[in-house]
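Given next are the chains, with one letter for each unit.
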Amino acid sequence: MEAKRNLLTYAGLKKLEDELHDLKVNRRKEVAGKIKEAREQGDLSENAEYDAAKDEQRDIETRIEEIEKILKNAEVVVEDEVDVDKINVGCTVKVYDEEFEEELEFKIVGSSEANSLQGKISNESPVGKALIGRSIGDTVDVETQAGVISYKVLAIERSL
């Protein structure tokens, strides 16, 4: 089975590479020091610091594995080359929510970069899927858990 391609913006790629470097260079060293200190305290069977350090080590190694998997299958979207006639990954989109009568702005990113608190929505999310390929002036109906939401596309820009 072919691995799923992970769409990333250049900023998303850089952020993951920086996190991976930090985990491998700094965090591994920190946790190794904590484990060494805990071992020096003696009996490991009732040593909470040792257990916590081992848990932290496991979490770090799991995250390293996740990032390496994402990067291995990464496809970088060159934002300078994004066609702004149609919505795609790497675009910032202004829409008008017809129900709440408000303007919203979304940056369309790959699923591994999505963060709704920062206005970054995945191309695989219901809203992202509905917006992909649309143009300025289009009205898009999005099926969500809360019901159908209608957005009118106001502007499409390259994300910076």
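Refer to the structure printed above.
The structure displayed is predicted, hence computed values, not measured ones.

Asks: Help me understand helix 1 (residues 10–40) in this model?
Replies: For an α-helix the count is 3.6 residues per turn, leaving residues at separations of three or four pointing the same way. If you check helix 1, its first and last C-alpha atoms are 44 Å apart, about what 31 residues at 1.5 Å a residue would give, namely 45 Å. Of all bends in helix 1, the biggest is about 40°, found at Leu 23. Listing the buried residues of helix 1 in full gives Gly 12, Leu 13, Leu 16, Leu 20, Leu 23, Val 31, Ile 35 and Ala 38. Buried residues in helix 1 make contact with strand 1 (6–9), helix 2 (48–72) and strand 2 (74–77). In the segment just after helix 1, Gly 42 is the residue with positive phi, at about 105°.

Asks: Teacher, can you tell me more about the sheet that holds strand 4 (residues 102–109) here?
Replies: Neighbouring strands of a sheet are bound in pairs by backbone hydrogen bonds; such pairs are parallel or else antiparallel. Strand order in the open sheet made by the 5 strands is 5-4-3-7-6, with mixed pairing throughout. With partners counted over all chains shown, the strands left at the sheet margins are strand 5 (120–122) and strand 6 (139–144), one partner each. Each adjacent strand pair in this sheet contributes to an overall mean axis angle of 45°, direction not counted.

Thresholds applied
Residues numbered from 1 in each chain as written. Predicted model: local features only at pLDDT ≥ 70, side-chain atom pairs only at ≥ 80, totals over all residues. Heavy atoms only, no water. Helix = DSSP H or I, 4+ residues; strand = E, 2+ residues; numbered from the N terminus. Expected span 1.5 Å × (residues − 1). Bend = angle between axes of the 7 residues up to and from the residue. Buried < 20%, exposed > 50% of the residue type's maximum accessible area, 1.4 Å probe, protein only. Contact = heavy atoms within 4.5 Å. Pairing = 2+ DSSP bridges. Axes fitted to C-alpha atoms, helices over the stretch in contact; angles between N-to-C directions.

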